[in-house]
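Survey of secondary and tertiary structure
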Amino acid sequence: MPRAFLVVMDSVGIGGAPDASSFFNGALPDLGANTVGHIAQACAEGRAEIGRSGPLHLPILEQLGLGAALRLASSVPLPGFSAEPQGRWGCAAEVSRGKDTPSGHWELAGLPVPWDWCFFPDTVPSFPPDLSRYVARAAGVDGILGDCHAPGTAIIERLGEEHMRSGKPIVYTSADSVMQIAAHEETFGLDRLLDLCRSIAPHLHQMKVGRVIARPFVGNAQDGFTRTTNRRDFAITPPAPVLTNWVQNAGGAVHAIGKIGDIFTMQGIDTLQKGADATLMEHLADRLQNAADGSLTFANFVEFDSLYGHRRDISGYARALEWFDAEIGKIIEMMRPGDMLLLTADHGNDPSWPGTDHTREQVPVLIAGLGSGPVGAVGYVDIAATIADHLGVVPEGPGRSFL
């Protein structure tokens with residue numbers, strides 16, 4: 001029996017979203033954003049030399065068709081990419097009105113978001129006063145810190161010492177539909193932070209805020225503060241069955257790797273493994289070796305986005321892509337006859353773009369195990385339908401298989 005492996009390279013967009021002009025980073029539209037294209041251009045011009053050097057080197061992704069997919073999505077030639085694709089390749093566009101994690105992943109799993117998300121304005125304060133009071137009461141304190149749009153690493157550096165002194169949580173947001181709460185694992189307590197986020201999440205979900213994210217950190221003002229890997233996303237449960245449910249209901253096992261379990265609130269998921277991206281790659285290799293026939297393994301590699309995209313670190317993003325390319329080559333060598341490995345992304349996060357938010361882009365569709373040739377320009381939902389088709393599962397969403 002076949003197996004399927006759906007791997008999301010978080011934020012690895014390839015430009016060309018048809019509606020990019022209606023999405024913004026601050027006052028500037030995302031029209032022209034291109035995560036992979038601009039990274040490759042910077043590498044070719046010698047502007048990404050920290051911890052690496054020279055043109056962007058992604059031989060495995062190139063062989064699967066990344067360069068061809070980028071040209072299809074945005075008509076941009078990828079410097080140094082000229083190999084004839086040996087996999088199935090294409091690009092995918094999103095219809096949900098968001099450039100965020102839940103919107104992208106739900107739609108990749110076959111369910112466009114059926115409502116408009118609630119977003120908080122880029123003002124100070126960002127949150128309505130009654131919501132700020134609600135969060136403070138739930139935390140057992142008399143106020144919150146932050147109350148603004150901010151990058152996560154910057155805000156803990158700015159407010160970490162005051163947080164440790166006052167006990168008030170650092171509450172902030174971004175262009176996504178999200179409330180993020182940062183707190184020190186030792187002085188505030190990790191369990192207390194998780195309990196706080198868990199307790200307020202239903203109220204935020206009623207407002208159609210997509211996620212409440214716990215952002216624990218450690219350290220001190222003298223040596224600096226560092227976020228830990230104990231992040232937890234408390235997301236809205238999808239309002240209809242998605243790919244994970246389809247497979248599980250048909251009798252197949254569903255294995256989640258990374259933040260997939262949080263995104264889908266464990267709906268249709270049998271096992272969950274988390275950790276840093278290097279650890280997640282080990283978990284993915286283990287699933288290639290041991291997952292049962294008829295199973296789906298659904299993985300997200302988040303560090304492209306969290307460590308490099310939001311921080312506008314072009315060199316770091318290039319290093320991460322090159323690391324991933326080498327590692328995914330080892331994964332492909334483990335595939336069995338009948339396996340399908342599909343690589344894609346949930347949105348863009350162009351590290352050359354103004355601001356620090358996600359960028360509205362199309363995403364690559366790169367498939368190993370099913371021969372070679374173009375699949376064309378498809379929708380996110382078509383990815384779910386295609387994986388269901390491969391597994392012999394009846395899809396319940398609006399997508400159409402491109403097999």
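Residues numbered from 1 in each chain as written. Predicted model: local features only at pLDDT ≥ 70, side-chain atom pairs only at ≥ 80, totals over all residues. Heavy atoms only, no water.

- An unreviewed UniProt entry annotates the protein as Phosphopentomutase of Parasedimentitalea psychrophila.
- Comment text from UniProt for the protein, heading Function (unreviewed entry), reads "Isomerase that catalyzes the conversion of deoxy-ribose 1-phosphate (dRib-1-P) and ribose 1-phosphate (Rib-1-P) to deoxy-ribose 5-phosphate (dRib-5-P) and ribose 5-phosphate (Rib-5-P), respectively."
- The record held by UniProt for the protein lists under Pathway (unreviewed entry) the comment "Carbohydrate degradation; 2-deoxy-D-ribose 1-phosphate degradation; D-glyceraldehyde 3-phosphate and acetaldehyde from 2-deoxy-alpha-D-ribose 1-phosphate: step 1/2." (UniProt positions renumbered as here; feature names shortened; annotations may be inferred.)

**Observations regarding the layout of surface pockets**
- A volume near 660 Å³ is recorded for the largest pocket.
- Lining the largest pocket are 40 residues; nearest its centre among them are Ser174, Ala175, Asp176, His310 and Asp357.
- Considering each element in turn, the lining of the largest pocket owes the most residues, three residues, to strand β8 (residues 211–220).
- Within the lining of the largest pocket, the residues separate by chemical class into 11 nonpolar, 16 polar and 13 charged.
- Of the pockets and cavities examined, the second largest pocket occupies roughly 490 Å³.
- For the lining of the second largest pocket, the secondary structure elements donating two or more residues are β8, β9 (224–227), α10 (277–290) and α11 (303–309).
- In terms of residue class, the lining of the second largest pocket is made up of five nonpolar, seven polar and 10 charged. (1 Å grid on protein atoms, 1.4 Å probe; cavity = no way out; pocket = protein on both sides within 12 Å on 5 of 7 lines; lining within 4 Å. Points joined across faces, edges and corners; volume = space filled by probe spheres on them. Helix = DSSP H or I, 4+ residues; strand = E, 2+ residues; numbered from the N terminus. Nonpolar A, V, L, I, M, F, W, Y, C, P; charged D, E, K, R; others polar.)

**Comments concerning empty space enclosed by the protein**
- For the structure shown, the criterion picks out one cavity of 30 Å³ or more.
- In this structure, the largest cavity occupies an estimated 40 Å³ of space.
- Lining of the largest cavity is provided by Glu62, Gly65, Gly67, Ala68, Arg71, Phe81, Ser82, Ala83 and Pro85.
- Sort the elements by how many residues they give to the lining of the largest cavity and helix α3 (residues 66–74) lands first, with three residues.
- When its residues are assigned to classes, the lining of the largest cavity shows four nonpolar, three polar and two charged.

**A look at the packing of aromatic side chains**
- On inspection of all chains with the given rule, the structure shows nine aromatic pairs.
- Judged by centre distance (5.6 Å) and plane angle (45 degrees), the rings of Phe264 and Phe298 are tilted. Residue Phe264 is found in the loop between α9 (260–263) and β12 (271–273), and its partner Phe298 is found in strand β13 (residues 296–301); the two are separated by 34 residues along the sequence.
- We classify Phe298 as buried; its relative accessible area is 0%.
- With centroids separated by 5.5 Å and ring planes inclined at 75 degrees, the aromatic side chains of Phe301 and Phe324 adopt a geometry described as edge-to-face. In this pair, Phe301 sits in strand β13 while Phe324 sits in helix α12 (residues 314–333), placing the two residues 23 residues apart along the sequence.
- On the basis of relative accessible area, Phe301 is assigned to the buried category, the value being 0%.
- Members of the aromatic cluster, joined through ring pairs, are Phe301, Phe304, Tyr317 and Phe324.
- A cation over a ring is seen here: Arg192 above Phe188, with NZ or CZ 3.9 Å from the ring centre.
- Taking NZ or CZ as reference, Lys208 lies 4.8 Å from the ring centre of Trp115, over its face. (Phe/Tyr/Trp six-rings, centres within 6.5 Å; stacked < 30°, edge-to-face > 60°. Buried < 20%, exposed > 50% of the residue type's maximum accessible area, 1.4 Å probe, protein only. Lys NZ or Arg CZ within 6 Å of the ring centre and 35° of its normal.)

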